[in-house]
Amino acid sequence: MQTLSTNACFGGTQGVYSHTSKACNCDMTFGLFLPEEALEGPVPVLWYLSGLTCTHENAMTKAGAQSWAAEHGIAVVFPDTSPRGADVPDDDAYDLGQGAGFYLNASQAPWATHFRMWDYLADELPALLTQHFAIDPSRQAITGHSMGGHGALTLAMGLPGRFKSVSAFAPICNPVASTWGQKQLRAYLGDDQTTWSAHDSTLMMQNTGFNGPILIDTGTDDQFIDALAPEALSQAIAARRQQAIVRLQPGYDHSYFFVSTFMEEHIAFHADALYG
């Protein structure tokens, strides 16, 4: 692992690191905020998964998470959204290829060799963090924005017992029925739609749910709200009687202005679960 940068931040340290990933078969970069308490021992960790076109850097610099994480003594990890590099396949469209990993393991050419973000986030990166940093693997929570909200919800439900809580900002809620999802699922997983359901939070909610609290915020003026389909997940939550808070925030759009506005509440929500 290589340290690319470290900066003092709200009494803790914001670092950026790179390492060779066996899962993604390339070098991967991630950001990690460690609060001051990490100097004394392992701290709980919140995973933040970003959306389409983002790198590790977008949320790290725009979401305003560090100040609230420092207040609660929580580490925040900002992974990249996909494998990258000259040898990694890409697409001319913004919503496929590099920057659009969709947090799954691709099975189709040319993506299958590198696009294994599920394995990277479920196994490889957590092991690396606990090996090199003061992270408590027994206290993890996860959140994300847009495509990252989709990833947070599917990882939380797909890895039972891993996360104490899950939240999402404007998540893609029903990708098997969405223009933000059908294209990517078909490209990465093939035409057999039975393989898609493990990456659709609405269907996963119907089938398994989540053993813990959920918080979801979406803006009423989100320019992509039809593709996000928050009503589909809300209906599945209600039908399952899942413990959840689902909110439509009046006047907010899909931007990081929206994310940063509600970041304090999301981190406090996770702190309750991580320390409860």
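Up top is the structure these notes are about.
Just so it is clear, the model here is predicted, and its values are computed rather than measured.

### Quick look at the packing of aromatic side chains
(1) Moving on: A full pass over the atoms with the stated rule returns 11 aromatic pairs.
(2) Moving on: Pairing Tyr48 with Phe78 gives two aromatic rings, centres 6.1 Å apart and planes at 45 degrees, and the pair type is tilted. Placement of Tyr48 in strand 4 (residues 43-49) and of Phe78 in strand 5 (residues 75-79) is noted, with a sequence separation of 30 residues between them.
(3) Moving on: Note on Trp111 and Tyr188: the rings are 5.5 Å apart at their centroids and 85 degrees apart in plane angle, and the pair reads as edge-to-face. Taken as a pair, Trp111 in the loop between strand 5 and helix 3 (117-132) and Tyr188 in helix 5 (residues 182-189) lie far apart in primary sequence, 77 residues in all. Residues Trp111 and Tyr188 agree in their burial class; the two are buried.
(4) Moving on: Taken together, the ring pairs connect Phe169, Tyr252, Phe258 and Phe262 into an aromatic cluster.

### What about empty space enclosed by the protein?
(1) Moving on: Under the counting rule described, the total for this entry stands at one cavity of 30 Å³ or more.
(2) Moving on: As a volume, the largest cavity reaches approximately 40 Å³.
(3) Moving on: Along its surface, the largest cavity is lined by Trp47, Leu121, Ala122, Ile142, Leu155, Leu159 and Phe163.
(4) Moving on: Classifying every residue of the lining of the largest cavity gives seven nonpolar, no polar and no charged.

### Examining helix 2 (residues 65-72)
(1) Moving on: Taken together, the buried positions of helix 2 are Ala65, Gln66, Ala69 and Ala70. Projection of helix 2 onto a plane perpendicular to its axis shows the buried side chains occupying an angular sector of 125 degrees, all on one side.
(2) Moving on: Where helix 2 terminates, the next one or two residues include Gly73, which has phi positive at roughly 70 degrees.

### Regarding the state of the cysteines
(1) Moving on: Within this structure, the stated rule accounts for zero disulfides.
(2) Moving on: Take Cys54: it sits in no disulfide, and the sulfur closest to it among the cysteines is that of Cys24, at 17 Å.

### Quick look at the pairing of strand 3 (residues 26-34)
(1) Moving on: With eight of nine residues buried, strand 3 is to be regarded as a mostly interior element.
(2) Moving on: The pairing of strand 2 (residues 12-21) with strand 3 spans nine bridges and is classified as antiparallel. Among the inter-strand pairings, Val16 is bridged to a residue of strand 3, identified as Gly31.
(3) Moving on: In this structure, the hairpin formed by strand 2 and strand 3 is closed by a connection of four residues, where Asn25 is found at a positive phi of approximately 60 degrees.

### Considerations on the environment of Met117
(1) Moving on: Here Met117 is to be found in helix 3.
(2) Moving on: Note: C-alpha distance between Met117 and Gly101 (16 residues apart in sequence) is 6.6 Å.
(3) Moving on: Apart from the residues lying within four places of it in its own chain, the contact partners of Met117 are Cys24, Met28, Asp80, Thr81, Ser82, Pro83, Gly101, Tyr103, Leu104 and Asn105.

### Side note on the packing of helix 2 against helix 9 (residues 256-275)
(1) Moving on: As a packed pair, helix 2 and helix 9 sit with axes 9 Å apart at the nearest point and diverge in direction by 30 degrees. Judged by the angle between their axes, helix 2 and helix 9 are roughly parallel. Two packed elements cross with a definite hand, and for helix 2 against helix 9 that hand is right-handed. Counting all contacts with helix 2, which are made through Ala65, Trp68, Ala69 and His72, the residues of helix 9 involved are Met263, Glu264, Ile267, Ala268, Ala271 and Tyr275.
(2) Moving on: Looking at side-chain class alone, the contact of helix 2 with helix 9 contains eight nonpolar, one polar and one charged residues.

### Observations concerning unusual backbone geometry
(1) Moving on: For the peptide bond that leads from Ala109 to Pro110, omega is 0 degrees, which places it in the cis range.
(2) Moving on: If you trace the backbone, Pro110 turns up in the loop between strand 5 and helix 3.
(3) Moving on: Despite not being glycine, Phe10 has its phi angle at roughly 50 degrees, a positive value.
(4) Moving on: Within the secondary structure layout, Phe10 lies in the loop between strand 1 (2-9) and strand 2.
(5) Moving on: A relative accessible area of 55% places Phe10 in the exposed class.

### Description of helix 5
(1) Moving on: Among all positions in helix 5, only Gln184, Leu185, Ala187, Tyr188 and Leu189 are buried. Each buried residue of helix 5 lies within a common arc of 165 degrees when the element is viewed along its axis, so the set occupies one face.
(2) Moving on: Gly190 sits one or two positions beyond helix 5 and adopts a positive phi of about 95 degrees.

### Observations concerning the pattern of salt bridges
(1) Moving on: Counting across every chain of the model gives seven salt bridges.
(2) Moving on: Residue Asp95 pairs with Lys183 through a salt bridge whose shortest N-O separation is 2.7 Å. Within this pair, whereas Asp95 is found in the loop between strand 5 and helix 3, its partner Lys183 is found in helix 5, the two being separated by 88 residues in sequence.
(3) Moving on: A relative accessible area of 36% places Lys183 in the partly exposed class.
(4) Moving on: Note that Asp217 is salt-bridged to Arg247, the shortest N-O span being 2.7 Å. With a gap of 30 residues between them, Asp217 in strand 8 (residues 214-219) and Arg247 in strand 9 (residues 245-249) connect regions that are remote in the sequence.
(5) Moving on: Three or more residues are tied together by salt bridges with common partners; here these are Asp217, Arg247 and Glu265.

Definitions and cut-offs
Residues numbered from 1 in each chain as written. Predicted model: local features only at pLDDT ≥ 70, side-chain atom pairs only at ≥ 80, totals over all residues. Heavy atoms only, no water. Phe/Tyr/Trp six-rings, centres within 6.5 Å; stacked < 30°, edge-to-face > 60°. Helix = DSSP H or I, 4+ residues; strand = E, 2+ residues; numbered from the N terminus. Buried < 20%, exposed > 50% of the residue type's maximum accessible area, 1.4 Å probe, protein only. 1 Å grid on protein atoms, 1.4 Å probe; cavity = no way out; pocket = protein on both sides within 12 Å on 5 of 7 lines; lining within 4 Å. Points joined across faces, edges and corners; volume = space filled by probe spheres on them. Nonpolar A, V, L, I, M, F, W, Y, C, P; charged D, E, K, R; others polar. Arc of directions from axis to C-beta. Disulfide = S-S within 2.5 Å. Pairing = 2+ DSSP bridges. Contact = heavy atoms within 4.5 Å. Axes fitted to C-alpha atoms, helices over the stretch in contact; angles between N-to-C directions. Parallel < 35°, antiparallel > 145°, perpendicular 65-115°, else oblique. Left-handed = near helix turned anticlockwise from the far one by under 90°. Salt bridge = Lys/Arg side-chain N within 4 Å of Asp/Glu carboxyl O.

In short, geometric facts, not functional conclusions.
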